[in-house]
Amino acid sequence: MATAITVSPQARISYLALYSIRRSYSTSSRKANGQFSRSDFGSQPFTGTYEPGRPTEGPLGGASPTGAPRITPRSLKDHLDQFVVGQERAKKVLSVAVYNHYQRIEELKRQQEEHEALLEQQARREMGRPHPVEVVDEYPGHQQTVAYVPPSTQAPLGSSPIQDHSPLTIEKSNVLLLGPTGVGKTLIAKTLARILEVPFSMSDCTPFTQAGYIGEDVEVCVQRLLAAADYDVAAAERGIICLDEIDKIATAKMAHGKDVSGEGVQQALLKIIEGTTLQIQAKQERSGGGKAPSNAPGSAGGTYSSQKPLGGNLSSNQTGGKGEVYNVRTDNILFIFTGAFVGLHKMTLERVSKGSIGFGATVRSSSPTAGTHETTFKGQDEMFRKYLPYFIIPSESSQGSSIERTYNTLDLVEPSDLQKYGMIPELLGRIPISCALSALDEEALVRVLTEPRNSLMRQYEQLFQLSGIELRFTSGALREIAKTAAAMGTGARGLRTVLERLLGETMFETPGSPIRHILITERVAQRKKAPIYMLRGQKSDFHAMIAEEEEDWESRQLSEKEASRREDPNSIHSFEEYRQKATGFM
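Residues numbered from 1 in each chain as written. Predicted model: local features only at pLDDT ≥ 70, side-chain atom pairs only at ≥ 80, totals over all residues. Heavy atoms only, no water.

Chemist: Break down the overall build of the protein chain for me, citing the residues and quoting the values.
Modeler: Scanning the protein chain from N- to C-terminus turns up 19 helices and 14 strands. Residue burial in the protein chain is summarised as follows: out of 586 residues, 34% are buried. Long-range contacts, defined as pairs at least 24 residues apart, comprise 69% of the intrachain contacts of the protein chain with a sequence gap of at least 6. (Helix = DSSP H or I, 4+ residues; strand = E, 2+ residues; numbered from the N terminus. Buried < 20%, exposed > 50% of the residue type's maximum accessible area, 1.4 Å probe, protein only. Contact = heavy atoms within 4.5 Å.)

Following this line, the structure appears as structure tokens:
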């Protein structure tokens, strides 16, 4: 039998006092240790509010609304430096253009998400405004409650200006890259295509014709971009299109008939560049035999077997009939144009040198050894700095005299020169950015052979390594190969021609033979001697011969520098010479 325990009122009060002291002590200790319980904040009111529509305040108030950029112009240029030699200004201009296009895309996404959030918020407010009594008539015969609308306090229509609350729109800036053949215009675009997070396609303007004639329509470039985006219309509408050989659609003087591959193509490009809606039909590939994709957003069809420029493969399991039609807007597609524009530098020089006739005029004579794409000049700093569209820092030598700078004539190109070449002014007005690439000299061609990640020298060394053969080039051989390629006038493409001629017989004889080492020296590159072959076990002799050739090359280079120093008596190459000349004038 349980016994009841009676507690006096004094003992109950003492127990409650001790419990409150223990609770306050335990709460303070938890606060000191940084550990809190959910019940500790049950009776405390909120001390602040959060409204999603208001701008961010505090330390993050000045941060970018789209977050930290994944790519920057400097990171793009650093990536281009691994594959493209020289052309510093062109790489900077194109990196900035691609970065700005990427930022435009992020801003458009942010504005679209913000607009959708406002519409959802407005819909929620409209749904939450009516009272349940207003929706459900609980009493028969009861009239529905009418919401009170206050009288409008706005001024009558026409007395106040019309306000447009549309967000700020950042327009795109298309780019034109012009320069001689083989200087890296197409390589820069292809290199960027491998790292971009937006769809990228490249099309050649040579087969383009006006609609209705034999050839390709201009809309083919947008169709290729759509295929590169895996037929995702939203992604394709924010991609990049590179149109190569844009100079091939220049206006031609026709004695009879219509210029359907020149001015007609330029007129067709106007609406696409400016912004329009095109109806693109997914066509079947001639080689693959596939159909239009069936898994594309908003469409139904078959498969499209193709290769994306960004590295992925388009594939699907279903097959269908006729290709679907897609509506693609080109307002936000960035266009990059590239072209050689052969002979444009002569038109530019004629414009710049107008009026330079007389005894004080500078006479420019073309070198007989220069190719048809020679666009560089040395000296004439005053004339070039006057017409250059950008600022350059004047460079001076250690003795204080100005260094002779090499200039590119195509840097002086104006829209009037391109219009004289055959481009219509409507098209030129839609391409605000133009950048010229310089011709590659002998020193630049040597760098093209050795420096890039996929340089030609590494390609041929790897090609022979697959057969178990070691291929080596000496410094003199590389210099001779670059000199021969420079004389061809085809830029960096001439290097492969020279190497194929030089190694053609070697690539036929050595695979499957006991030869394990091949050395290409300067005399071999000059076609005065056959390539040097060595068998297995002669590796030490092979490397000793390479060291001997390099020492001979360096000694000849030093002797040539000494000879050039003696020919120029006014040049100062050391502090002793400077002190001797200074004491001679005193």
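Chemist: Give me helix α16 (residues 493–509): which residues, what numbers.
Modeler: Taking 1.5 Å per residue, 17 residues should reach 24 Å; α16 reaches 25 Å between its end C-alpha atoms and fits that length. Helix geometry: α16 is bent most strongly at leucine 503, by close to 50°. The complete set of buried residues in α16 reads Gly494, Leu495, Val498, Leu499, Leu502, Leu503 and Thr506. (Expected span 1.5 Å × (residues − 1). Bend = angle between axes of the 7 residues up to and from the residue.)

Chemist: I'd like a rundown of the pattern of salt bridges, residues and numbers included.
Modeler: In total, this model carries 19 salt bridges according to the counting rule given. Measuring nitrogen to oxygen at the nearest pair gives 3.1 Å for the salt bridge that ties aspartate 247 to lysine 248. The buried category is assigned to aspartate 247, whose relative accessible area is 7%. For lysine 248, a relative accessible area of 45% corresponds to the partly exposed category. Two residues, arginine 556 and aspartate 552, come together in a salt bridge whose shortest N-O distance is 3.9 Å. (Salt bridge = Lys/Arg side-chain N within 4 Å of Asp/Glu carboxyl O.)

Chemist: Would you mind going over the packing of helix α14 (residues 456–465) against α16 in detail, with residue names and values included?
Modeler: A pair of packed helices can be characterised by two numbers: the angle between their axes and the separation between those axes. Where α14 meets α16, the closest approach of the two axes is 11 Å, and the angle between their N-to-C directions is 20°. On the basis of the axis angle, α14 is roughly parallel to α16. Crossing hand, α14 versus α16: right-handed. Of the residues in α16, those touching α14 at Leu456, Gln459, Tyr460, Leu463 and Phe464 are Leu495, Arg496, Leu499, Glu500, Leu503, Thr506 and Met507. (Axes fitted to C-alpha atoms, helices over the stretch in contact; angles between N-to-C directions. Parallel < 35°, antiparallel > 145°, perpendicular 65-115°, else oblique. Left-handed = near helix turned anticlockwise from the far one by under 90°.)

Chemist: Could you give an account of the sheet that holds strand β3 (residues 240–244), naming the residues involved and the relevant values?
Modeler: Spatial ordering of the open sheet is given by β2-β3-β8-β1-β11, a layout of five strands whose pairing is parallel. Here the strands that pair on one side only, and so sit at the sheet edges, are β2 (200–204) and β11 (433–436). Put simply, the sheet's adjacent strands are angled 20° from each other on average, direction ignored. Where strand β1 (residues 175–178) meets strand β8 (residues 334–339), four bridges bridge the pair, whose relative direction is parallel. From the neighbouring strand, valine 175 faces β8, where its bridge partner is isoleucine 336. Relative to β2, helix α6 (residues 220–228) is tilted by about 150°, and along the sheet it contacts β2 and β3. (Pairing = 2+ DSSP bridges.)

Chemist: Go over the sheet that holds strand β12 (residues 470–473) with me, naming the residues and quoting the values.
Modeler: The three strands lie next to each other as β12-β13-β14, forming an open sheet whose pairing is mixed. The two strands at the open ends of the sheet, each matched to only one other strand, are β12 and β14 (532–535). Across the sheet, the mean angle separating the axes of adjacent strands is 20° when strand polarity is ignored. Pairing geometry for strand β13 (residues 515–520) and β14, over four bridges, is antiparallel. Residue pairing across strands places leucine 519 opposite isoleucine 532, the latter belonging to β14.

Chemist: Give me the lowdown on the environment of tyrosine 231, citing residues and values where you can.
Modeler: Positionally, tyrosine 231 belongs in the loop between α6 and α7 (233–236). Distance in space between the C-alpha atoms of tyrosine 231 and tyrosine 326 is 8.5 Å, their sequence separation being 95 residues.

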